[in-house]
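# Chain and residue survey
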Amino acid sequence: MAVSHPIFARVFARASVAMDRAGAAAHRRRLVAGLRGRVVEVGAGNGRNLRHYPSTVTGVLAVEPEPRLRAVLRAAVPDAPVPVTVAAGLAEALPVADASADAVVLSLVLCSVPDQAVALREARRVLRPGGQLRFYEHVVAETPGLRRVQRAADATLWPLCCAGCHTARDTVAAIRAAGFTVVELDRFRFPPTGIPGPAAPHVLGTAVLP
């Protein structure tokens, strides 16, 4: 299935730079810290995570379905400290063999996949026994007021303007429902100051297969 969001791709490429300056770069570093071996990054976007991979990673397969973002992703590869291969592909159908990845990285992608359960089953399929799922996502709010704002946003223009993104998804529950055990979890607001918008609640964590 072709995926094309040209306007969003251009906006996201610029916005992610501003996000990193506002503190997202530190979250990206934490996301991949300590990883080893072969990594599959799903929905790698414009490659803002690549520069943060530790030298213990032997290779990253960066999967991105959107062609314009994928072109920017390829341009980021020379600055990565580890070998990176860029591939077209969907979260629901990764071009990866069974049990071949030491880690799967999901970064601001589970908000926009059509079916979280299918995407997470695919992540589980490609992970080797003992592998890790690392995730950095914006999620449903813990407070009723902001949850109402999120539901209203998701029912109106937010998904249309943001390439299918939904703000009110309980992504941590979906990860657990897919059979993973969440072993590390940090909840925080991003950006950390100002009035929280629908996408402000974030999580960063690690899950493993029991």
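Scroll up to find the structure this text is about.
### A short note on the sheet that holds strand β7 (residues 201–208)
Pairing in this open sheet of seven strands is mixed, and the strands run β3-β2-β1-β4-β5-β7-β6 from one edge to the other. The sheet terminates laterally at β3 (84–87) and β6 (181–189), the two strands that pair on one side only. Strand-to-strand, the axes of this sheet are offset by a mean angle of 15°, without reference to chain direction. When strand β5 (residues 127–138) meets β7, the two strands line up antiparallel, connected through seven bridges. Bridged to R134 within β7 is T206.

### Focus on the pattern of salt bridges
This structure, assessed with the given rule, holds eight salt bridges. The partner of R68 in a salt bridge is E66, with the nearest N and O atoms 3.8 Å apart. R68 sits in the partly exposed class, given a relative accessible area of 38%. The exposure class of E66 is buried, given its relative accessible area of 3%. With a shortest N-O distance of 2.5 Å, D98 and R125 are connected by a salt bridge. Of the two residues, D98 is situated in the loop between β3 and β4 (101–107) and R125 in helix α3 (residues 116–126); the sequence distance between them amounts to 27 residues. A cluster of three or more residues bridged by salt bridges with shared partners is formed by D20, R28 and R48.

### What about the pairing of strand β2 (residues 57–63)?
Taken across its seven residues, β2 has six buried, putting it largely inside the fold. Taken together, the six bridges between strand β1 (residues 37–42) and β2 define a ladder with parallel strand orientation. Among the inter-strand pairings, V42 is bridged to a residue of β2, identified as V63. Where β2 meets β3, four bridges bridge the pair, whose relative direction is parallel. From the neighbouring strand, A62 faces β3, where its bridge partner is V86. For the handedness criterion, the β-α-β arrangement of β2, helix α2 (residues 67–76) and β3 is classed as right-handed.

What counts, and where the lines are drawn
Per chain, residues are indexed from 1 in the order of the written sequence. Confidence filtering applies because this is a predicted model: local features only for residues at pLDDT of at least 70, side-chain atom pairs given and counted only at 80 or more, and all residues used for totals across whole chains, interfaces and linings. The basis for the side-chain values is all heavy atoms of the structure; hydrogens and waters are excluded. For two strands to pair, DSSP has to find at least two bridges joining them. Helix numbers and strand numbers start at the N terminus; a helix is a DSSP run of H or I with at least 4 residues, a strand a run of E with at least 2. Axis lines are fitted through C-alpha atoms, for helices just across the contact stretch, and the angle between N-to-C directions can take any value from 0 to 180 degrees. Salt bridges, as used here, are contacts in which a Lys or Arg side-chain nitrogen is within 4 Å of a carboxyl oxygen on Asp or Glu. Three exposure classes are used, based on accessible area relative to the maximum for each residue type with a 1.4 Å probe and protein chains only: buried under 20%, partly exposed in between, and exposed over 50%. For a crossover, the right-handed case is the one in which the path from the first strand over the helix to the second runs clockwise, viewed with the strands pointing away from the viewer.

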